[in-house]
Amino acid sequence: MTDTLKPRDAKDVEGAVQWALAEQKSLEIIGHGSKHAIGRPAQTDLTLDLSSLSGVTLYEPEELVLTARAGTPIADIEALVASKGQQLAFEPMDYGALLGGWPGAGTIGGVLAGNLSGPRRIKAGAARDHFLGLTAVSGRGETFKSGGRVVKNVTGYDLCKLAAGSWGTLAALTEVTIKTLPRPEAEATVAVAGLDDAAAVKAMTAAMGSSCDVSGAAHLPAAVAGTIPLAGAAGAGRALTLLRLEGVAPSVTHRQAALIEIVKPFGEAGIIAEPSSQAVWHAVRDVLPFAASRTGAEQPLWRVSTAPTRGAELARMIAGGTDATWLYDWAGGLLWVSIASIGDDAGAAVVRRAVAACGGHATLVRAPAALRAAVEPFEPMDAGLAALTKRVKEGFDPKGVFNTGRMWAGV
Amino acid sequence: MAVVMPEPDAAVLGRRDRIVAALSAIVPGEGVIASERAMRPYESDGLTAYRALPMVVVLPETTEQVSRVLAYCHREGIKVVPRGAGTSLSGGALPLTDGVLLGMAKFNRIRAIDFDNRVVVAEPGVTNLAVTQAVEHAGFYYAPDPSSQIACTIGGNVAENSGGVHCLKYGMTTNNVLGCELVLMTGEVVRIGGRHLDSGGYDLLGIITGSEGLLGVVTEITVRILKKPETARAVLVGFTRSEDAGDCVSRIIGAGIIPGGMEMMDRPAIHATEEFVHAGYPLDVEALLIVELDGPQAEVDHLIARVETIARECSAVSCKVSKSEQERLLFWAGRKAAFPAVGRISPDYYCMDGTIPRARLPLVLKRIRELSEHYGLRVANVFHAGDGNLHPLILYDANKPGELDKTEEFGAEILKLCVEVGGVLTGEHGVGVEKRDLMPAMFSETDLAHQQRLKCAFDDKGLLNPGKVFPTLHRCAELGRLHVHAGRLAFPDIPRF
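Keep in mind the model is a prediction, meaning the values are calculated, not measured.

### As for the overall build of chain B
Scanning chain B from terminus to terminus reveals 17 helices and 19 strands. At 24 Å, chain B has a C-alpha radius of gyration in line with the 23 Å of a compact globule built from 497 residues. Summarising its shape, the C-alpha atoms of chain B cover approximately 70 × 65 × 55 Å along the three principal directions. Counting across all 497 residues of chain B, residues that qualify as buried make up 57%. Partitioning the intrachain contacts of chain B with sequence separation of at least 6 by distance along the chain shows that 72% fall at a separation of at least 24.

### Considering the overall build of chain A
Helices and strands together make up the secondary structure of chain A, namely 15 helices and 18 strands. A compact globule built from 411 residues would reach a C-alpha radius of gyration of about 22 Å, and chain A, at 21 Å, matches this within 12%. C-alpha atoms of chain A, sized along the principal axes, occupy 65 × 50 × 35 Å. Residue burial in chain A is summarised as follows: out of 411 residues, 65% are buried. Taking all contacts inside chain A whose residues are at least 6 apart in sequence as the whole, residues at least 24 apart take part in 72%.

### What to know about the packing of helix H9 (residues 242–254) of chain B against helix H11 (residues 297–313) of chain B
All names here are of chain B. Direction vectors running N to C along H9 and H11 enclose 140 degrees, while the axes themselves pass 9 Å from each other. The angle between H9 and H11 places the two elements in the oblique class. Of the two possible hands of crossing, H9 and H11 adopt the one that is right-handed. Residues Cys 248, Arg 251 and Ile 252 of H9 pack against Val 307, Ile 310 and Ala 311 of H11.

### Things to note about the interface of chain B and chain A
If you look at the interface, chain B gives 84 residues, while chain A gives 87 residues. Residues of the side of chain B that touches chain A, tallied by class, amount to 34 nonpolar, 33 polar and 17 charged.

### Describing the sheet that holds strand E2 (residues 56–58) of chain B
All names here are of chain B. An order of E1-E2-E4-E3 is seen for the four strands of this open sheet, with the pairing classed as mixed. The open sheet terminates on both sides in strands that have one partner only, identified here as strand E1 (32–33) and strand E3 (79–83). Both E3 and strand E4 (residues 99–103) contribute to a ladder of five bridges, which runs parallel. In the sheet register, Lys 79 faces E4, and the bridge partner there is Gly 99. Packed onto the sheet, helix H2 (residues 16–26) meets E1 and E2 and runs at close to 10 degrees relative to E2.

### Section: the nonpolar core
Most often, soluble globular proteins have nonpolar side chains that are buried together. One finds Ala 163, Ala 172 and Ala 207 of chain A together with Val 223 and Leu 289 of chain B to be the most contacted residues of the largest nonpolar core, which totals 288 residues. Per-element accounting of this core gives the leading share, seven residues, to helix H1 (residues 10–23) of chain A.

### Regarding the sheet that holds strand E9 (residues 189–193) of chain B
Residues and elements named next belong to chain B. Reading across the sheet, the five strands line up as E5-E6-E10-E8-E9 and stay open at both edges, with antiparallel pairing between neighbours. At either margin of the open sheet sits one strand with a lone partner, and together these are strand E5 (110–114) and E9. Averaged over neighbouring strand pairs, the angle between their axes works out to 10 degrees when direction is ignored. For E5 and strand E6 (residues 119–122), the ladder comprises four bridges, and the chain directions are antiparallel. Along E6, the bridge assignment pairs Asp 114 with Val 119.

### Observations regarding the environment of Glu 313 of chain B
Tracing the chain through its elements places Glu 313 of chain B in helix H11. Residues Glu 313 of chain B and Asn 465 of chain B, 152 residues apart in the sequence, show an inter-C-alpha distance of 51 Å.

### Looking at the pairing of strand E3 (residues 46–49) of chain A
Residue and element names in this part refer to chain A. As paired strands, strand E1 (residues 3–5) and E3 are joined by three bridges and run parallel to one another. From the neighbouring strand, Leu 5 faces E3, where its bridge partner is Leu 48. Note that strand E2 (residues 27–30) and E3 share four bridges and pair parallel. Looking at the pairing, Ile 29 lines up with Leu 48 of E3.

### A word on helix H2 (residues 74–83) of chain A
Residue and element names in this part refer to chain A. Among the residues making up H2, those that are buried are Ile 74, Ile 77 and Val 81. Taken end-on, H2 shows its buried residues confined to a sector of 60 degrees, consistent with a single buried face. Exposed residues lying more than 90 degrees from the buried face of H2 are Ala 79, Ala 82 and Ser 83. Considering only its buried residues, H2 is in contact with strand E4 (56–60), strand E5 (65–69), strand E6 (86–87) and helix H4 (108–113).

### A word on the packing of helix H7 (residues 197–208) of chain A against helix H12 (residues 311–321) of chain A
What describes two packed helices is the angle between their axes and the distance between those same axes. All names here are of chain A. Relative to each other, H7 and H12 sit at 160 degrees, their axes nearing to 8 Å. Compared by their axis directions, H7 and H12 come out roughly antiparallel. The handedness of the crossing between H7 and H12 comes out as right-handed. Residue-level inspection shows Asp 197, Ala 198 and Val 201 of H7 in contact with H12, the latter providing Gly 311, Ala 312 and Ala 315. Here the residues of the contact of H7 with H12 are counted per class, giving four nonpolar, one polar and one charged.

### A word on helix H15 (residues 403–420) of chain B
Residue and element names in this part refer to chain B. Spanning 18 residues, H15 covers 25 Å between terminal C-alpha atoms, matching the ideal 26 Å at 1.5 Å per step. Of all the residues in H15, the buried ones are Thr 407, Phe 410, Gly 411, Ile 414, Leu 415, Leu 417 and Cys 418. Angular distribution of buried residues about the axis of H15 spans 155 degrees; they occupy a single face of the element. Among the residues trailing H15, Gly 422 stands out with phi positive, at a value near 100 degrees.

### Topic: the environment of Leu 112 of chain A
Within the element layout of this structure, Leu 112 of chain A appears in helix H4. Distance from Leu 112 of chain A to Ala 126 of chain A, taken between C-alpha atoms, is 9.5 Å for residues 14 residues apart in sequence.

### A closer look at the confidence of the model for chain B
Caution is warranted with low-pLDDT regions, since their predicted coordinates should not be read in detail. For chain B, the mean per-residue pLDDT works out to 94, and 97% of the residues sit at or above 70. Interface predicted TM-score (ipTM) for the complex: 0.96; the corresponding pTM is 0.96.

### Here we look at unusual backbone geometry
Backbone torsion omega between Glu 274 of chain A and Pro 275 of chain A reads 0 degrees, so that peptide bond is classified as cis. Relative to the helices and strands, Pro 275 of chain A is located in the loop between strand E14 (269–272) and helix H10 (276–285). Unlike most non-glycine residues, His 278 of chain B shows phi in positive territory, near 50 degrees. Along the chain, His 278 of chain B falls in the loop between helix H10 (267–277) and strand E14 (287–295).

### So, the environment of Arg 352 of chain A
Residues and elements named next belong to chain A. Structurally, Arg 352 can be placed in helix H13 (residues 348–358). For Arg 352, a count of 18 C-beta atoms within 10 Å puts it in the partly exposed group. Along the sequence, Arg 352 and Glu 379 sit 27 residues apart, while their C-alpha atoms lie 8.1 Å from each other.

Cut-offs used in this document
Residues numbered from 1 in each chain as written. Chains lettered and ligands numbered in written order. Predicted model: local features only at pLDDT ≥ 70, side-chain atom pairs only at ≥ 80, totals over all residues. Helix = DSSP H or I, 4+ residues; strand = E, 2+ residues; numbered from the N terminus. Rg over C-alpha atoms; globule rule 2.2 N^0.38 Å. Buried ≥ 20, exposed ≤ 12 C-beta atoms within 10 Å, placed from the backbone. Contact = placed C-beta atoms within 7 Å. Axes fitted to C-alpha atoms, helices over the stretch in contact; angles between N-to-C directions. Parallel < 35°, antiparallel > 145°, perpendicular 65-115°, else oblique. Left-handed = near helix turned anticlockwise from the far one by under 90°. Nonpolar A, V, L, I, M, F, W, Y, C, P; charged D, E, K, R; others polar. Pairing = 2+ DSSP bridges. Core = buried A, V, L, I, M, F, W, Y, C linked by C-beta atoms within 7 Å. Arc of directions from axis to C-beta. Expected span 1.5 Å × (residues − 1). pLDDT = per-residue confidence, 0-100.

This is how it looks when you write it as structure tokens:
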């Protein structure tokens, strides 16, 4: 267990980083530590625990904005906005079940640093698209801000985008502003049973190419469909293709009928109504079929983003080289691939080859620490992009104080 | 010109003939323009108050040519200003007298249309509208729709992170771009993103979008396209008090409705546009709201009824729902012609672009009226009401001595006011040269240094579009210096476990 610094406020964070710089110490930034096991194992001297920087400092539902200290629990924020009939439209996923932690853990800072989104990503955008402003301490021990508290802003470089998905390697977020949006009044899921992967991707493509405004499109192959409690759905033992509709009730009813017609050529469609619909999408969002409680916390799991129409092909290539099971989100563009045989590389060679052929990127989000040290968990880059990435890192954190090596060696 | 540009490099200007010859070897034929007369059309962009003749204009046709031009300029220490269609309203494409103006107009092909993955791959010189036109036969469209969409290019949209009236629901450029090919100042070509979502590493695409041509030159762009909504209808609502209009906007959003577009105009803007296009706007109101709902018929009908109810509750004095597509377009015709309409009632106008928290609108409008009286200049306000993006149009006459200076001073006061009430300097037009010197009103030196170090990661010699966005130019070596404050820390106060 490494030593932990627990700043009380943003000023303390600045002090801690300046101290680390002077003492040539490196820091691992954590909120609740709920995603600590993602990336290359930490090689830092101390932990910088930001969980005391907690609390919503501004929430104006009618302006669609919320500002919170970075260590504010994401669960608190979701409960607060829900109380005003709103939500975080990017539907942040919860890694708790996959990594064997508590459901509902994690902070808003962690959600943004990991750019965590859910099934609604295909319609509403990712965390990065809802990240409006930040205050942070860079690896230079200086507090800086970017963005603002309004939804439309092009003043200066959009450093929020850069912070989103940087996994704490550039700066320690101290306060963030995000966009909030109205929560849909109603939802329903159109489900088609028994499709193979290729047909499912075609059905999802047809749905996404319609005016039905689909807000979630997932496919659970037969091997995983049975693990999701469906409360009355007709899919028992068969693959299940799920298409979510959200909005005002008359609209959902109307689109539901239209969507059933659109997917008819692929197979008979049924409806999963509320509240089962919410339960199903919660399971897809948090990838419950591959939860640690089901597969074990050491079973390698890859998260792969590709062009939706290449999803099925990519899964086939991986299955050809290793013992894998998988499911699709984002209309085929997001694959969660569980590798049954750890081997000496957690399937890395096979996955990387498939991604190189189909395009996109893959992250090994779960594997024993030794494997995460041995294979590159994040998508390797070509020399030019790697050098550019390193220069970006050095601009913010020239001495490598923050989470260095978490994404790639030296970054 | 109020803004001071970087000192021209006499050594570079002294080598002009040799530079023109070298560039002509890279881009043969008519791709290099060096005569003063032929360069004249490039001397300014949409911010016409600022003009400068570039040293030379280069119009490359291939990524390889862009790469070689930039590598040459990097080696020789020559500044480069990229340009799309030149519609920037902030002077983003203002040439430098000792710089190459790199026009991307010849990159005008659509490279791929992929309906199944819902993306279009386009060259940067393709116009915004042409992307929609290429896919509308299949019922698709590209969502961001800046007013200049008939002329402005996708490359320029990426540089400026352009918006439009549909931003609130469909996002700005940054929310609709999936990938790009980028040439760095060194000539190095990098590919970022593709037809998939999000980045496997740092979100460089998110940084490049809105970087105003300071980080690299984009040579290919992959954008997301959307299926057209089944239908769209608009409501035209008039108010005798702008406070009521602002309240109505808040209550519509508070009711959980995100309209496809929600625009507000004040009395001078209403009168100017009505005289120009006869859209049927009421003339006896202080504020006019256009609320557009789009989606399936059932949804639009349902929401229109709710918006009407909210409008009545907010003391609307008139409320008209479009009964046909023709009428909907007529409602918009006035708003879309607001700038030229104002141009008809004044010799010149200056368009501002701040964003404010919407609740501060009545206060901001009141202060703008006071400033208007103080400066003796009329103002018409158009407002992307849903997202708080305010476009005050200051009416002036450039032929009256001192009036442009007064106008710029007035404009700066408005933007500082936006920041003061919690808003920002620019919502969609960019900083460019126009708001460059106002950046310290919003950002500290430390904030700006963190942005400039990012620039150094892409362009270590500061050759790409210098003099834009940042009020002070610093050398990268100077910015990179680290000040370690050893020994004077409050560290013992921090709980340590």
